[in-house]
Amino acid sequence: MGMAKEHFVLVHGEGHGAWCWFKLRWLLEGSGYRVTCIDLAGGGVDPTDPNTVRSFKQYDKPLMDLISTLPEGEKVCALFFLFARKLVLNGRVTSWHNL
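In this numbering scheme, every chain counts its residues from 1 along its sequence in written order. Owing to the predicted nature of the model, reporting of local features is limited to residues with pLDDT of at least 70; listing and counting of side-chain atom pairs is limited to 80 or more, with chain, interface and lining totals taken over all residues. Just so you know, side-chain values use all the structure's heavy atoms and leave hydrogens and water out.

A. Here's a closer look at the sheet that holds strand β1 (residues 7-11). Paired strands are those between which DSSP finds at least two bridges. For the purposes of this entry, the term helix denotes a DSSP run of H or I that reaches at least four residues, the term strand denotes a run of E that reaches at least two, and both are numbered from the N terminus. In space, the three strands of this open sheet follow the order β2-β1-β3, with parallel pairing throughout. Both outer strands of the open sheet, β2 (34-38) and β3 (76-80), are each paired with one neighbouring strand and no more. Across the sheet, the axes of successive neighbouring strands diverge by a mean angle of 20 degrees, strand direction being ignored. Pairing geometry for β1 and β2, over five bridges, is parallel. Bridge pairing links Val11 to Ile38 in β2. Contacts from helix α3 (residues 61-69) reach β1, β2 and β3, with the element oriented near 150 degrees to β2. Only C-alpha atoms enter the line fits that serve as axes; for helices the fit covers just the stretch in contact. Angles between N-to-C directions range over 0 to 180 degrees. Pairs of residues are marked as contacts when any of their non-hydrogen atoms sit within 4.5 Å.

B. Highlighting the pairing of β2. For each residue, the accessible area found with a 1.4 Å probe, counting protein chains only, is set against the maximum for its type, and the residue is called buried under 20%, exposed over 50%, and partly exposed in between. Of all five residues in β2, four are buried, a share of seventy percent or more. Think of it like this: strands point away, you trace from the first strand over the helix to the second, and a clockwise trace means the crossover is right-handed. For the segment spanning β1, helix α1 (residues 22-30) and β2, crossover handedness is right-handed.

C. Highlighting the environment of Val45. For Val45, the position within the fold is in the loop between β2 and α2 (56-59). Sequence spacing of Val45 and Trp19 is 26 residues, and the spatial spacing of their C-alpha atoms is 9.0 Å.

Keep in mind these values describe shape, not function.
What follows is the structure, given as structure tokens:
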């Protein structure tokens, strides 16, 4: 059995959804990597009305929920698209031990 490959978490930008990563997701999974694509609040298939999202805390809740469920010691490589980078710059991604 080979070494486990990295886990990539792909985060869409403003006005998009997890669907925007479909090509990269299939390429990474085809190479044996574990890939998770999430929809932030109001994006993609998330049922939240985007007009009601008023804060970064509300917008990035799906990402925070995902990070909080990672097993102890699991590391992921997070790839942010455009606007999602502001989550990191505004200090919302606080679980750096997992990234």
